[in-house]
Amino acid sequence: MLQQTQVKTVIPYFYNFTKKYKNLKSLSQCNEKDILKLWEGLGYYRRARNLLASAKKIVKDHKSELPRTLEKIKELPGVGDYTGNALLGLVHNKPTIALDGNVKRVFSRNLNKDANKIDFVKLIKYNEKYLFNTDRNDDFVEALMEFGALVCRPKDPKCLTCCLNKTCKYFKSSNKIKSSNKKMIKNKNYDIFCYINKNKQIALTKKNQVSFLKNFSLPTVKESRTIPVNKNWKFLKNYKNSISNLKLNINLYYKFSKKIPIDYKWHSLANNKEFIPTFTKKIFSQVSTLF
Ligand code: SF4
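Residues numbered from 1 in each chain as written. Predicted model: local features only at pLDDT ≥ 70, side-chain atom pairs only at ≥ 80, totals over all residues.

1. Topic: the overall build of the protein
To be explicit about the condition: Only DSSP runs of H or I with at least four residues qualify as helices, and only runs of E with at least two residues qualify as strands; both kinds are numbered from the N terminus onward. Values of the radius of gyration come from C-alpha atoms, whereas the globule rule sets the reference at 2.2 Å times the count of residues to the power 0.38. Counts of 20 or more other C-beta atoms within 10 Å of a residue's own C-beta define buried residues, counts of 12 or fewer define exposed ones, and intermediate counts define partly exposed ones; C-beta atoms are placed from the backbone.
The secondary structure content of the protein amounts to 12 helices and 6 strands. For 291 residues, the compact-globule estimate of 2.2 N^0.38 gives 19 Å, and the C-alpha radius of gyration of the protein, at 24 Å, exceeds that figure by more than 25%. On the principal axes, the C-alpha backbone points of the protein span a range of 70 × 50 × 30 Å. Counting only residues that meet the buried cut, the protein has 19% of its 291 residues in that class.

So, in structure tokens, the structure goes:
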């Protein structure tokens, strides 16, 4: 849940989630609709799907125990080097480092060297006897991430009270490196075409190729082009929507219609018990203003 999402946003979701799924077994037995409903509003729904798929795989292939090697752990859906190393340290107390942006910044500042010029894997290997001089690797993995987030923070690091300041080259140097931790924001323009009917329903399809909501039901979503939109579609509204590092500029069009193309299904604009992503809910609320 914490990947790409702030702690304060995650907390209520985490409590609800762990209240419902108390252990790996109960999680592995749930269905995708239930888990997505609990995740509703948190975004990045692929994380929820991967979590469920991983739980099922661990129960089925690993006798309900998290694998103990990076190679095996990375076979779980959605688990790469970062998550794999974090889990090996946190769960199995293995000597690992989860290299996120915070941790890279700590190393790069200690060396006063641009993070892009550091081979972190080599650096860790070369220094492992110093780094892993503890039997509390689980705490060490966590502490290093927290240290980067709270002490050696991106802006205004707490150098004067930092326990590493005696050896830190950044602190001592008069020519300090700059940390480049900025997210690249991408601007995208989309046209969204909504079939609606007099029963306050909207037609949705899973046929869209929208990278941030793959396999979800949506109206027709197309990247805006310079050619004019067919006159059968009425313009409803322009609005903005941000999703992670994407800034979306959306033109919403609609058409009242009894018939819809194959692969589309009618959905109520108001009474939805099933999971609806926030992006789609915003479309629903705009279209609802027509009634
Ligand atoms: S002295 Fe400053 S720059 Fe160096 S590790 Fe501590 S907080 Fe980071």
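After that view of the structure, there is still more to cover.
2. Comments concerning the domain arrangement of the protein
The condition is simple: An automatic or database domain assignment supplies the residue ranges for each domain. Here contacts are defined at the residue level, using C-beta atoms placed from the backbone and a cut-off of 7 Å between them. Each residue is assigned to one of three groups, with Ala, Val, Leu, Ile, Met, Phe, Trp, Tyr, Cys and Pro labelled nonpolar, Asp, Glu, Lys and Arg labelled charged, and all others, Gly among them, labelled polar.
According to the domain assignment, the protein contains domain 1 (1-65), domain 2 (68-182) and domain 3 (188-288). Measuring from the centre of the C-alpha atoms in domain 1 to the corresponding centre in domain 2 gives 26 Å. Between domain 1 and domain 2, the contact holds 6 residues from the first and 4 residues from the second. Counted by class, the side of domain 1 that touches domain 2 contains 1 nonpolar, 2 polar and 3 charged residues.

3. Digging into the site of the ligand
Which entries qualify depends on this criterion: Note on definitions: a residue is near a molecule or strand provided its C-beta atom, placed from the backbone, lies within 6 Å of it.
The ligand sits among 14 residues. The nearest are Cys152, Pro157, Cys159, Cys162 and Cys168. For the shell around the ligand, the secondary structure elements donating two or more residues are helix 7 (101-111) and helix 11 (169-172). Top element by residues in the shell around the ligand is helix 7. It accounts for 3 residues.

4. A look at the nonpolar core
Worth spelling out the cut-off: Any set of buried Ala, Val, Leu, Ile, Met, Phe, Trp, Tyr and Cys residues joined through C-beta atoms within 7 Å is what this text calls a nonpolar core.
Judged by nonpolar contacts, the single largest core of 15 residues is most densely connected at Ile73, Ile97, Ala98, Val103, Val106, Val141 and Leu144. Of all the secondary structure elements, the ones that give two or more residues to this core are helix 6 (81-92), helix 7 and helix 10 (137-150). Within the second largest apolar cluster, 13 residues are counted, among which are Ile192, Cys194, Ile250 and Val287.

5. Observations concerning helix 10
Definition in use: Any helix carries an expected span of 1.5 Å times its number of residues minus one.
Given a rise of 1.5 Å per residue, 14 residues ought to cover 20 Å, and the 20 Å separating the end C-alpha atoms of helix 10 matches this to within 8%. Contact partners of the buried residues in helix 10: helix 6 and helix 7.

6. Re the pairing of strand 2 (residues 201-205)
Rules: Pairing between strands requires that DSSP locate at least two bridges from one strand to the other.
In terms of strand pairing, strand 1 (residues 186-197) meets strand 2 through 2 bridges, oriented antiparallel. Looking at the pairing, Asn197 lines up with Gln201 of strand 2. Where strand 1 hands over to strand 2, the hairpin turn is made up of 3 residues, of which Lys200 adopts a positive phi near 60°.

7. Comments concerning helix 4 (residues 45-61)
Residues lying three or four places apart along an α-helix face the same way, a consequence of the helix completing one turn every 3.6 residues. The terminal C-alpha atoms of helix 4 lie 24 Å apart, and with 17 residues this matches the ideal 24 Å at 1.5 Å per residue to within 8%. Listed as buried for helix 4 are Tyr45, Ala48, Leu51, Leu52, Ser54, Ala55 and Ile58. Taken together, the buried residues of helix 4 touch helix 2 (24-28) and helix 3 (32-39). Two residues or fewer after helix 4 comes Lys63, characterised by a positive phi angle close to 50°.

8. Quick look at the pairing of strand 5 (residues 246-256)
Relative to strand 5, strand 1 is paired through 11 bridges, and the arrangement is parallel. What sits directly across from Cys194, in strand 5, is Tyr254. Pairing of strand 4 (residues 234-243) with strand 5, which is carried by 9 bridges, proceeds in the antiparallel orientation. The residue of strand 5 that forms the bridge with Lys234 is Tyr254.

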